[in-house]
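Close look at the chain arrangement
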Amino acid sequence: QVQLVESGGGLVQAGGSLRLSCAASGTAFSINSMGWYRQAPGNERELVARIGSDGNTIYTDSAKGRFTISRDNAKNTVYLQMDSLKPEDTAVYYCNAVAYTKSRGYVWTYWGQGTQVTVSS
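Scoring rules and cut-offs
- Residues numbered from 1 in each chain as written.
- Predicted model: local features only at pLDDT ≥ 70, side-chain atom pairs only at ≥ 80, totals over all residues.
- Heavy atoms only, no water.
- Helix = DSSP H or I, 4+ residues; strand = E, 2+ residues; numbered from the N terminus.
- Rg over C-alpha atoms; globule rule 2.2 N^0.38 Å.
- Contact = heavy atoms within 4.5 Å.
- Lys, Arg positive; Asp, Glu negative; His and termini not counted.
- Charge placed at Lys NZ, Arg CZ, Asp CG, Glu CD.
- Polar contact = N/O pair within 3.5 Å; in protein donor to acceptor, adjacent residues only side chain to side chain.
- Salt bridge = Lys/Arg side-chain N within 4 Å of Asp/Glu carboxyl O.
- Pairing = 2+ DSSP bridges.
- Axes fitted to C-alpha atoms, helices over the stretch in contact; angles between N-to-C directions.

A few points about the overall build of the protein
Each helix and strand counted, the protein has 0 helices and 11 strands in total. Taken against the 2.2 N^0.38 rule, which gives 14 Å for 121 residues, the C-alpha radius of gyration of the protein at 14 Å falls within 12% of a compact globule. Counting only C-alpha atoms, the protein reaches 45 × 25 × 20 Å along its principal axes. Sequence-distant contacts in the protein: of pairs separated by 6 or more residues, those separated by 24 or more amount to 55%. Across the protein, the mean location of the 11 positive side-chain charges is 7 Å away from that of the 9 negative side-chain charges.

Following this line, the structure appears as structure tokens:
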């Protein structure tokens, strides 16, 4: 199994910045891609950004130019730098990892428990 632990959420004023971190841990695993999703009240969970093992990234349109996803493969950690935050960015942010584990013998998708980001106007 792979455990994902997020940190860095909180309350910030519009225009401010936050940096989210997500550390993966477990036994005998190899991570393919990692990403961040978010879910606002009454909405479905949506992709914010993903990064592959090769460093390739994708962003949702609303995140382009404001958010930056990065990854430290040695630490199995993914980051999301969020700048120019807007009230509509308010949501629970979830870390996601697609990883192979020796115990399962195949690739599986893992989720963190989420961290609240609240942007006040």
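Re the side chain of Asn 96
The residue Asn 96 is located in strand β9 (residues 91–101) in this model. Among the polar contacts made by the side chain of Asn 96, one reaches the side chain of Arg 50 at a distance of 2.6 Å. Those residues in contact with Asn 96 that lie beyond four places of it in its chain are Leu 4, Ser 33, Met 34, Gly 35, Tyr 37, Arg 50, Thr 109, Tyr 110 and Trp 111.

Remarks on the pattern of salt bridges
A complete count under the given rule lists 4 salt bridges for this structure. Between Arg 38 and Asp 89 there is a salt bridge, with the nearest N and O atoms lying 3.0 Å from each other. Note that Arg 38 is positioned in strand β4 (residues 29–39) and Asp 89 in the loop between β8 (77–82) and β9, a separation of 51 residues in sequence. Across the pair Lys 64 and Asp 61 runs a salt bridge whose closest N-O atoms are separated by 3.1 Å.

Details of the sheet that holds β8
Hydrogen bonding along the main chain pairs the strands of a sheet, whether they run parallel or antiparallel. Strand order in this open sheet of 4 strands is β1-β3-β8-β7, and the pairing throughout is antiparallel. For this open sheet the edge positions go to β1 (2–7) and β7 (67–72), each flanked by a neighbour on one side alone. Strand-to-strand twist across the sheet, computed as the mean angle between neighbouring axes with direction ignored, equals 15 degrees. Two strands pair when backbone bridges link them, and β7 and β8 are joined in this way by 6 bridges, in the antiparallel orientation. Across the sheet, Phe 67 pairs through a bridge with Met 82, a residue of β8.

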